[in-house]
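Listed below are the residues making up each chain.
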Amino acid sequence: MCNINPLGDRMNYLDVLRGLSMLMVIYCHVRLFSFKLSPESTPISTFFNAVMVHMFFFISGYLAYKKGRQWSVTIYGKEVFNKAVMLLIPTVVFWAILVYFQLYPWGFPAGFWFTEVLFEMFFIYFTIAYLMNKCNPLAEDIVLIGLCMLMFVFSFKMTSIPFSSNLCLYQLGNYFGAFLLGLLCKKYNDLFVRFISNKWLLTLTIIIPLASLFLIYGPVKLPVTGLAWEMVRLINGMTLSVAIFALFRNNADYWNRIGRLQKYAIFIGRRTLDLYMIHYFFLPTLPILGNYFSNSQNYTIEFIVVATLTMVIVGCSLAVSAFLRTSPILARYLFGVSSKSSTPAS
């Protein structure tokens, strides 16, 4: 099942980062849905929640930019269509299955909001890039940054728009900044590499978010609410994403080696959409254990139990994924696998 060549033409450390993000997501879902624990009740879960979604959007934005892409009506339509097939069809199908079996009483898209929001981000970027294809590249950046700031500031107001919950406008406004940051880092890659190669700047990207998390969730419990809280959360998520990205990029050679850890880490990273869609079906309900963890506050035992259950769910999800992928049609429309590849299109 794990037929992965670490020495392929992909940037393996990006696959590993995506896999790490998905493991954090499933870990936090196990705590939330299985054990009914507060997302920020332990230092580990607080850190995971601060970075996991932002890092995934950051990587998606980083991969979205293609240097030298010549936009036309045909290319624009093809890109939008491919992303719709890859992200929206799986979202609708798996949400419908969950609702049909009454596993979760969710309105659309609920737990699958990430893929819908990711499509919306791609759609916004593709549309602006196409419309401003003949303009100065800097003008395109200004428009994207301006739009990002407007969506972020008015993200609370978006909840009053009809069907805003179905369109996930609140999440779009809150996370588009991470996607755009990744896109701009790839677009100005030389400048970005110089930034993450500077030990002082890199140190700041680590210290600032960690200090912020300590002040908010530590003994001080700094009261931060409303738009200020959303801004702090966005800054923390983006700076931690850059710091973790730098760690893996600076050790990219390690992930290009042929070893068991590298092979399985890359494999998980290339099955993130599968894991995201399938793992909800394997989340057990264990509130008694959750009460024990909440009362005992033994973070070590909790981490071991949650991490073990996370890996079991990952294994079960990958097994189902491998079975469904035996059909090229199911692989295409459930997991966005193109006919020329065994992995979802980036």
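Residue positions within a chain follow its written sequence, with the count starting from 1. Per-residue local features of the predicted model are confined to residues with pLDDT of at least 70, and side-chain atom pairs are confined, for both listing and counting, to 80 or more; whole-chain, interface and lining totals are unaffected and use all residues. Side-chain measures were taken over the full set of non-hydrogen atoms in the model, leaving aside hydrogen atoms and water.

1. Quick look at the overall build of the protein
On a plain count of helices and strands, the protein comes out with 16 helices and zero strands. Here the C-alpha radius of gyration of the protein, 20 Å, is about what a compact globule of 346 residues would show, namely 20 Å. Oriented by its inertia axes, the alpha-carbon framework of the protein measures out at about 60 × 50 × 50 Å. By residue count, 49% of the 346 residues in the protein fall in the buried class. Partitioning the contacts of the protein with sequence separation of at least 6, the portion at a separation of at least 24 is 78%. Per element, the accessible surface of the protein, about 17,100 Å² overall, is 69% carbon and sulfur. We count Lys and Arg on the positive side and Asp and Glu on the negative side, and we leave His and both chain ends out. A single reference atom marks each charge: NZ on Lys, CZ on Arg, CG on Asp, CD on Glu. Side chains of the protein give 26 positive and 13 negative charges; the mean places of these two sets differ by 5 Å. Each helix is a run of DSSP H or I of at least 4 residues and each strand a run of E of at least 2, with the numbering of both proceeding from the N terminus. Here the globule rule is a power law, 2.2 Å times the number of residues to the power 0.38, and the radius of gyration is based on C-alpha atoms. Type-normalised accessible area, obtained with a 1.4 Å probe on protein chains alone, sets the label of each residue: buried when under 20%, exposed when over 50%, and partly exposed for intermediate values. Whether two residues touch is decided by their heavy atoms; if any such pair falls within 4.5 Å, the residues are in contact. Per-residue accessibility takes into account occlusion by the displayed protein chains alone, with areas from the Shrake-Rupley method and a 1.4 Å probe.

2. Examining the nonpolar core
What we call a nonpolar core is a set of buried Ala, Val, Leu, Ile, Met, Phe, Trp, Tyr and Cys residues that are connected through their side-chain atoms within 4.5 Å. Ranked by size, the top nonpolar core spans 103 residues in total, and within it Tyr13, Leu17, Phe57, Tyr125, Phe176 and Phe179 carry the most contacts. Of all the elements, helix H2 (residues 43-64) adds the most residues to this core, at 13 residues. With residues near it in sequence (within four places) discarded, Tyr13 still touches Tyr62, Phe245, Phe248, Arg249, Ala252 and Trp255.

3. Here we look at the packing of helix H4 (residues 113-131) against helix H5 (residues 137-153)
Contact geometry of H4 with H5 gives a least axis separation of 10 Å together with a crossing angle of 145°. In this structure, H4 meets H5 at a crossing whose hand is right-handed. Taking contact as the criterion, the partners of Ile124, Tyr125, Ile128 and Ala129 in H4 are, on H5, Glu140, Val143, Leu144, Leu147 and Met151. In this classification, Asp, Glu, Lys and Arg are treated as charged, Ala, Val, Leu, Ile, Met, Phe, Trp, Tyr, Cys and Pro as nonpolar, and every other residue, Gly included, as polar. When grouped by side-chain class, the residues that make up the contact of H4 with H5 number eight nonpolar, no polar and one charged. An axis is simply a line fitted to the C-alpha atoms; with a helix, the fit covers only the stretch in contact. Between two such axes, the angle follows the N-to-C directions and lies from 0 to 180 degrees. Each crossing gets its hand from how the near helix is turned against the far one by less than a right angle, where anticlockwise is left-handed and clockwise is right-handed.

4. Some points on the packing of aromatic side chains
In this description, a pair of aromatic rings is defined by centroid distance and the angle of the planes. In this analysis, rings of Phe, Tyr and Trp, with Trp reduced to its six-membered ring, are considered paired at centre separations within 6.5 Å, and the interplanar angle assigns stacked below 30 degrees, edge-to-face beyond 60, and tilted for intermediate values. Here the structure, examined in full by the defined rule, presents 35 aromatic pairs. An aromatic cluster of three or more residues is present, and its members are Phe33, Phe56, Phe57, Phe112, Trp113, Phe114, Tyr175, Tyr276 and Tyr280. As a reminder, the over-ring test applies to NZ of lysine and CZ of arginine, requiring each to be within 6 Å of the ring centre and within 35 degrees of the ring normal. Between the NZ or CZ atom of Lys83 and the centre of the ring of Phe122, over which it lies, the distance is 4.2 Å. For Lys186, the ring lying beneath its charged end belongs to Tyr62, and the centroid distance is 5.1 Å.

5. What about the side chain of Thr46?
Tracing the chain through its elements places Thr46 in helix H2. Identification of polar contacts relies on pairs of N or O atoms within 3.5 Å, with a donor-acceptor requirement for protein atoms, meaning one able to donate a hydrogen and the other able to accept it, and with residues adjacent in sequence counted only if both atoms are side-chain atoms. One polar contact links the side chain of Thr46 to the main-chain carbonyl oxygen of Glu40, over a distance of 3.4 Å.

6. Overview of the environment of Val53
The topology assignment puts Val53 in helix H2. For Val53, a relative accessible area of 12% corresponds to the buried category. Note: C-alpha distance between Val53 and Pro328 (275 residues apart in sequence) is 29 Å. Not counting residues up to four positions away in its chain, the partners in contact with Val53 are Trp113, Phe114 and Tyr175.

7. A few points about unusual backbone geometry
Positive phi outside glycine occurs at Ala110, with the angle close to 50°. Tracing the sequence through the fold places Ala110 in the loop between helix H3 (73-100) and H4. By relative accessible area, Ala110 is classed as partly exposed at 23%. Of note, the phi angle at Cys168 is positive, near 55°, even though the residue is not glycine. Along the chain, Cys168 turns up in the loop between helix H6 (164-167) and helix H7 (169-187). Accessibility expressed as a relative area gives 1% for Cys168, which makes it buried.

8. Here we look at the environment of Gly182
Assignment of secondary structure puts Gly182 in helix H7. For Gly182, a relative accessible area of 0% gives the class buried. Once the C-alpha coordinates of Gly182 and Leu169 are considered, the two residues, 13 residues apart in sequence, prove to be 20 Å apart. Every residue in contact with Gly182, bar those within four places of it in the chain, is listed here: Phe58, Gly61 and Tyr62.

9. Observations concerning the side chain of Thr205
Within the element layout of this structure, Thr205 appears in helix H9 (residues 199-217). Accessibility expressed as a relative area gives 7% for Thr205, which makes it buried.

10. Quick word on the confidence of the model for the protein
Taken over all residues, the pLDDT of the protein has a mean of 90, while the share at 70 or more is 95%. In this model residues 4-9 is a low-confidence stretch, pLDDT under 50, and it forms 14 contacts with partners more than four residues away in sequence or in other chains. Looking at any residue, its pLDDT shows the predictor's confidence there, from 0 to 100.

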